[in-house]
Amino acid sequence: MKNKLFSVKEAVDLIKDGKTITTVGFTLMGASEDILKEIEGRFLATGDPKNLTLFHAAGQSDRKNGIEHLAHPGLVTRIIGSHWGLAPKWGELICSNQVEAHCLPQGQIVHLFRAVASGKPGNFSKVGLGTFVDPRIEGGKINELAKKTKGFVDIITLEGEEYLFYRGIPIDIAIIRGTTADENGNITMEDEGLKLEALSVAQAAKCFGGEVIVQVKNLAQKGTLNPKEVVVPGIYVDAVVISENPNENHRLTSCAYFDPVFTGLVKIPEAVLPNLALDNRKIIGRRGVTELFPNAIVNLGTGIPGDTIGPIAHEEEILENIHLTVESGVIGGVPLGGTDFGVAKNPEAIIEHGYQFDYYNGCGVDITFMGIAEVDFSGNVNVSKFGIKTVGCGGFIDITQPARTVVFLGTFTSKGLQVDVSNGAIRIVEEGRVRKFVNQVNQITFSGSYARSVGQRVIYVTERAVFELRPDGLTLVEYAPGIDIEQDIIGQMDFKPLIAPDFREMNKRIFMEGSMNFNEEFLGKAAHR
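Owing to the predicted nature of the structure, the values given are computational and were not obtained by experimental measurement.

Caption draft 1: Spotlight on the packing of helix α9 (residues 280-289) against helix α10 (residues 304-315). α10 packs onto α9 with a crossing angle of 65 degrees between their chain directions and a minimal axis gap of 9 Å. Relative to α10, the element α9 lies roughly perpendicular. Along this stretch, α9 crosses α10, giving a crossing that reads as right-handed. Within the contact between the two elements, α9 uses Arg-281, Lys-282, Ile-284, Gly-285, Arg-286 and Val-289 and α10 uses Ile-304, Asp-307, Thr-308, Ile-309, Ile-312, Ala-313 and Glu-315.

Encoded structure:
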């Protein structure tokens, strides 16, 4: 039997110049810090390995760790991923053309792993049509170096309908993480907050004759692991690395080495969940919550959605009557935000990353709540590119395109916005310096024309106004009490929206302390499924 126990230095010896490495993680969950730090340290000391291609699905950093360890000119010369919002060093390398950069939807990447693992040349999907991933727009090529290449996305027609074809990318080295390995290399994940796409990536690497390196905390005798708890079988594993400093390099999340509440091992009482202070973010989240109905299957994006929808649903005593999900594979519970986005307190189920996107892409959630950076009159939304800097789309495109209802949540302006909320009304104390409602978005992450073509319900919620995407364009449907419509709404937009015939004031309860008393109204709604 081959000895699969490697030191971290021996494992990194497997990574040769010019190879394609695939890492698995979500923010810092699942990040193999011992291995990534060793790659970084060796490159800085010796110049090797170099000219690597880094291929990854989700964003994998907390602004200082994860794939940030690989953000050095010459170490990686091509990156293919979905999101770098928490990876500022990667943002700089991409923006300055020091690395060839391609951005593909997160769900399409995890599905691509599965497709190539089974011997297919790639994966096709409608996800991405009409967005910057569409080759008729940008093809996912997000800097000048990438624009000189063929890219990885093509248009194909099947039975008279258009699809995007995402071409397979050979993997030489897969770097994944688990909790325990036995002597045969079987991997369990009992202390991990997420399963992610570790199995798919391992299989994809083996399909191309690549090697699989796994970082774990524990080593067990062969034959002692429960076979039903094995997530990655040892037949796929070439090297097992025991974390040398798990408190620092094998953390469940950025903020916690281990917390059984995130793994489902321990359930905390809902009464300990905090209530949010009444501010503009809570106002936006509250208006979003009023779109919910009993048994709704919901997706939460990062930012205001992930930070507010769960806590407000708890405050309004409706949390147990909806099903919150996160793209990472978490179902149920209350998702966390910030650098710990991806896990939840009291989850009901944690499934593999790719299967969550199967559901999102195929069935579509009832409602998805997503952030917002720019909107134009056509209803297009940009959350992926700011000026010349691209942060990527993450799972945004995969989730928003198939969803039955999309609710975008964000402040009306940004950079310096200050408001006062009191007595059931809102007042703008200082206007934000950056307008979000613009003539043309910087990049199309959500296509308004595609949404209209499939009859999707799309709502845009801010602290002072609510818009809806209607057949003729972006339509103003609600305004906040205390707001001057001409000065505070239309006067802060680069275009004039349509005004709905049923234009009305937002419910004052959204702007008052205490509960909105939404529970009775919520229970009176009919389930949509």
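Following the structure, the description resumes.
Caption draft 2: Structural context of a nonpolar patch on the surface. A cluster of nonpolar side chains, namely Phe-258, Leu-265 and Val-266, defines an oily patch on the protein surface of about 270 Å² accessible area. When you line up the elements, Val-266 lands in the loop between α8 (260-263) and α9. For Val-266, a relative accessible area of 36% translates into the label partly exposed.

Caption draft 3: Broad picture of the side chain of Thr-390. The residue Thr-390 is located in strand β26 (residues 389-390) in this model. Residue Thr-390 is classed as buried on the basis of its relative accessible area, which comes to 4%. With residues up to four places along the chain from it excluded, the contact list for Thr-390 reads Trp-84, Ile-142, Ser-384 and Lys-385.

Caption draft 4: How the structure looks around the packing of aromatic side chains. For the structure shown, the criterion picks out 13 aromatic pairs. Taking the centre distance of 6.4 Å and the plane angle of 25 degrees together, the rings of Phe-412 and Phe-467 count as stacked. With Phe-412 in the loop between β27 (405-409) and β28 (413-414) and Phe-467 in strand β33 (residues 465-470), the pair connects residues that are 55 residues apart, well separated along the chain. Phe-467 matches Phe-412 in its accessibility class, with the two residues each being buried. Following the ring pairs from residue to residue traces out a cluster consisting of Phe-396, Phe-408, Phe-446 and Tyr-460. The cationic tip of Arg-114 hangs over the ring face of Tyr-355; the distance from NZ or CZ to the ring centre is 4.9 Å. Of note, Lys-126 hangs over the ring of Tyr-163, and the distance from its end group to the ring centre comes to 4.5 Å.

Caption draft 5: Fine view of the sheet that holds β27. The strand order across the open sheet built from 10 strands is β21-β18-β17-β16-β22-β27-β32-β33-β34-β35, with neighbouring strands paired in mixed fashion. Two strands lie at the open edges of the sheet, namely β21 (349-350) and β35 (498-505), each paired on one side alone. Here α9 sits on the sheet and contacts β22 (367-370), β27, β32 (457-461), β33 and β34 (473-479); the angle it forms with β27, its principal contact strand, is near 170 degrees. Sheet strands in contact with helix α11 (residues 353-362) are β16 (297-300), β17 (323-326) and β18 (330-331), and its direction is about 115 degrees off that of β17.

Thresholds, definitions, all that
In this numbering scheme, every chain counts its residues from 1 along its sequence in written order. Side-chain atom pairs in this predicted model are given and counted only at pLDDT of 80 or more, local residue features only at pLDDT of at least 70, and totals for whole chains, interfaces and linings cover all residues. Think of the side-chain values as coming from all heavy atoms in the structure, minus any hydrogens and water. Only the stretch in contact is used when a helix axis is fitted, and all axes are lines through C-alpha atoms; the angle between N-to-C directions ranges over 0 to 180 degrees. By the criteria applied, helices consist of DSSP H or I runs no shorter than four residues and strands consist of E runs no shorter than two, each listed in order from the N terminus. An angle below 35 degrees is treated as roughly parallel, one above 145 as roughly antiparallel, one from 65 to 115 as roughly perpendicular, and anything else as oblique. Handedness of each helix crossing follows the sense of rotation of the near helix against the far helix: counterclockwise by less than a right angle gives left-handed, clockwise gives right-handed. Contact between two residues is taken to exist if any of their heavy atoms lie within 4.5 Å; hydrogens are not considered. Patches draw on residues past 30% relative accessible area with no salt bridge. Two like charges within 9 Å are joined, as are two nonpolar side chains (Val, Leu, Ile, Met, Phe, Trp, Tyr) within 5 Å. Methods summary: accessible areas were calculated by the Shrake-Rupley approach with a probe of 1.4 Å, and residue burial reflects only the protein chains presented. Between Lys or Arg on one side and Asp or Glu on the other, a salt bridge is scored when a side-chain nitrogen of the former is within 4 Å of a carboxyl oxygen of the latter. Relative accessibility decides the category of a residue: with a 1.4 Å probe and only protein chains considered, values under 20% of the type maximum give buried, values over 50% give exposed, and everything between is partly exposed. Note on aromatic contacts: the rings of Phe and Tyr and the six-membered ring of Trp form a pair at centre separations within 6.5 Å, being stacked when their planes are under 30 degrees apart, edge-to-face when over 60 apart, and tilted otherwise. For a ring to carry a charge above it, either NZ of a lysine or CZ of an arginine must fall within 6 Å of the ring centroid while also lying within 35 degrees of the normal to the ring plane. For two strands to be treated as a pair, DSSP must find at least two bridges joining them.

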